[in-house]
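Chain residues, written in single-letter form:
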Amino acid sequence: EVPQALRERARFLRDRFEADFWLPQEGFYALALDGDGRPCRVISSNPGHCLWTGIVSPARAEMVAKRLMSEDMFTGWGIRTLSARESLYNPMSYHNGSVWPHDSAIAAIGMRTYGFTEPFLQVATGLFHAVLEIEGMRMPELFCGFNRLPGYGPTRYPVACSPQAWAAGVVFQLLRGILALVPDATENRLTLNRPALPGWLSWIRVHGLRLRDSSLDLIVSRGRESAAVELLGRRGDAEVLVRR
């Protein structure tokens, strides 16, 4: 009875979210509700987090993903915190137009979860190229939201923290999305749900991946149509399932 009651509460929450936050003319979700419960019609990166949580209805997920990847949101390096069309947009602002790598990675994983692999790979590629331009290849807290230009790296945000934990976590978040890892400790199973490698990455080798009492070594290689997975070693009895 308890799980059923929680499912009912979750469905009620989703219904309220869809009714209160959806902006039909924008095909996107509002940033917030004002004091009177009316939607604040601001286009930001925050709905990317909604994709990540899974609260977005499948019927609207594609519209959200396309909006996040539109010219006013995606810089080529990552996703702006605020649309370039908004009156408060400033690519050098801390929250009103800059790019936060962890924020972009969360949105990218959300798109991947709903099956939008190409935009996920676009964001992953942008962040990868961005960090190559940063001293020590250390992902900063944020960088400015200017459009990517040939021959130039992302514009640094002068007081961005580096290192920073959630920025450092971006690489693990994106690797999880590339490999499409779905661990299930209860069933003692690791699923790779349609792994997909970007064009600049030929293979990924993972050693000592722990699942319950097991440890796994595997390599994922880019193929013509899909990624190939080879189990190099297994210590324990965990099952590895690959879906294509």
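Overview of the structure. (Residues numbered from 1 in each chain as written. Predicted model: local features only at pLDDT ≥ 70, side-chain atom pairs only at ≥ 80, totals over all residues. Heavy atoms only, no water.)

## Quick look at the overall build of the chain
Here comes step 1: If you tally the helices and strands in the chain, you get seven helices and ten strands.
Here comes step 2: Since a compact globule built from 244 residues should have a radius of gyration of about 18 Å, the 19 Å found for the chain is in line with a globular shape.
Here comes step 3: Its C-alpha atoms put the chain at 55 × 55 × 35 Å along the principal axes.
Here comes step 4: Counting only residues that meet the buried cut, the chain has 45% of its 244 residues in that class.
Here comes step 5: Taking as baseline every contact in the chain between residues at least 6 positions apart, the subset at least 24 positions apart corresponds to 50%.
Here comes step 6: When the accessible surface of the chain is split by element, carbon and sulfur atoms take 54% of a total near 13,600 Å².
Here comes step 7: Here the chain holds 28 positive side-chain charges and 25 negative ones, and the gap between their average locations is 4 Å. (Helix = DSSP H or I, 4+ residues; strand = E, 2+ residues; numbered from the N terminus. Rg over C-alpha atoms; globule rule 2.2 N^0.38 Å. Buried < 20%, exposed > 50% of the residue type's maximum accessible area, 1.4 Å probe, protein only. Contact = heavy atoms within 4.5 Å. Areas by Shrake-Rupley, 256 points an atom, 1.4 Å probe, with all protein chains shown as cover. Lys, Arg positive; Asp, Glu negative; His and termini not counted. Charge placed at Lys NZ, Arg CZ, Asp CG, Glu CD.)

## Focus on unusual backbone geometry
Here comes step 1: Cis rather than trans, the peptide bond between S162 and P163 has omega equal to 10°.
Here comes step 2: Assignment of secondary structure puts P163 in the loop between α5 (117-132) and α6 (165-168).
Here comes step 3: A positive phi angle is found at N188, which is not glycine, with a value near 55°.
Here comes step 4: For N188, the location among the structural elements is in the loop between β5 (181-184) and β6 (189-193).
Here comes step 5: Accessibility expressed as a relative area gives 7% for N188, which makes it buried.
Here comes step 6: The backbone phi angle of R212 is positive, close to 55°, even though this residue is not glycine.

## Overview of the sheet that holds strand β9 (residues 228-235)
Here comes step 1: The strand order β7-β8-β9 describes an open sheet built from three strands, whose pairing is antiparallel. If you trace the sheet from one side to the other, it starts and ends with β7 (203-211) and β9, each paired once. Taking the axes of each pair of neighbouring strands and ignoring which way they run, one obtains an average angle of 20° across the sheet.
Here comes step 2: Note that β7 and strand β8 (residues 214-221) share seven bridges and pair antiparallel. Directly across from L209, in β8, lies its bridge partner L216. (Pairing = 2+ DSSP bridges. Axes fitted to C-alpha atoms, helices over the stretch in contact; angles between N-to-C directions.)

## Some details on the packing of aromatic side chains
Here comes step 1: Applying the stated criterion to the full structure yields seven aromatic pairs.
Here comes step 2: For the ring pair F128 and W200, a centre distance of 3.8 Å and an interplane angle of 5° mean the geometry is stacked. Residue F128 is found in helix α5, and its partner W200 is found in the loop between β6 and β7; the two are separated by 72 residues along the sequence.
Here comes step 3: A relative accessible area of 31% places F128 in the partly exposed class.
Here comes step 4: On the basis of relative accessibility, which here comes to 30%, the residue W200 falls in the partly exposed class.
Here comes step 5: Of the aromatic side chains, those joined through ring pairs into one cluster are F17, F21, W22 and Y29.
Here comes step 6: Sitting over the ring of W77, R148 keeps its end group 4.2 Å from the ring centre. (Phe/Tyr/Trp six-rings, centres within 6.5 Å; stacked < 30°, edge-to-face > 60°. Lys NZ or Arg CZ within 6 Å of the ring centre and 35° of its normal.)

## Quick word on the environment of L201
Here comes step 1: The topology assignment puts L201 in the loop between β6 and β7.
Here comes step 2: The class of L201 is buried, set by a relative accessible area of 18%.
Here comes step 3: Sequence-wise, L201 and S221 are 20 residues apart; in three dimensions their C-alpha atoms are separated by 8.5 Å.
Here comes step 4: Once you skip the residues sitting within four places of it in the chain, L201 turns out to touch I178 and R222.

## Comments concerning the pattern of salt bridges
Here comes step 1: Going through the model one piece at a time under the given rule, you end up with eleven salt bridges.
Here comes step 2: A salt bridge links E18 to R60, with the shortest nitrogen-to-oxygen separation between them at 2.5 Å. In this pair, E18 sits in helix α1 (residues 2-21) while R60 sits in helix α3 (residues 58-68), placing the two residues 42 residues apart along the sequence.
Here comes step 3: For E18, a relative accessible area of 10% translates into the label buried.
Here comes step 4: Taken together, the shared-partner salt bridges in this structure form one network comprising E26, R67, D72 and R85. (Salt bridge = Lys/Arg side-chain N within 4 Å of Asp/Glu carboxyl O.)

## Quick look at helix α4 (residues 101-113)
Here comes step 1: Over its 13 residues, α4 extends 18 Å from the first C-alpha to the last, a length consistent with the 18 Å expected when each residue adds 1.5 Å.
Here comes step 2: Burial runs high along α4: twelve of the 13 residues are buried.
Here comes step 3: Buried residues belonging to α4 abut α2 (47-53), α3, α5, α6, α7 (170-179) and β6.
Here comes step 4: Downstream of α4 by a residue or two, G115 has a phi angle that is positive, lying close to 95°. (Expected span 1.5 Å × (residues − 1).)

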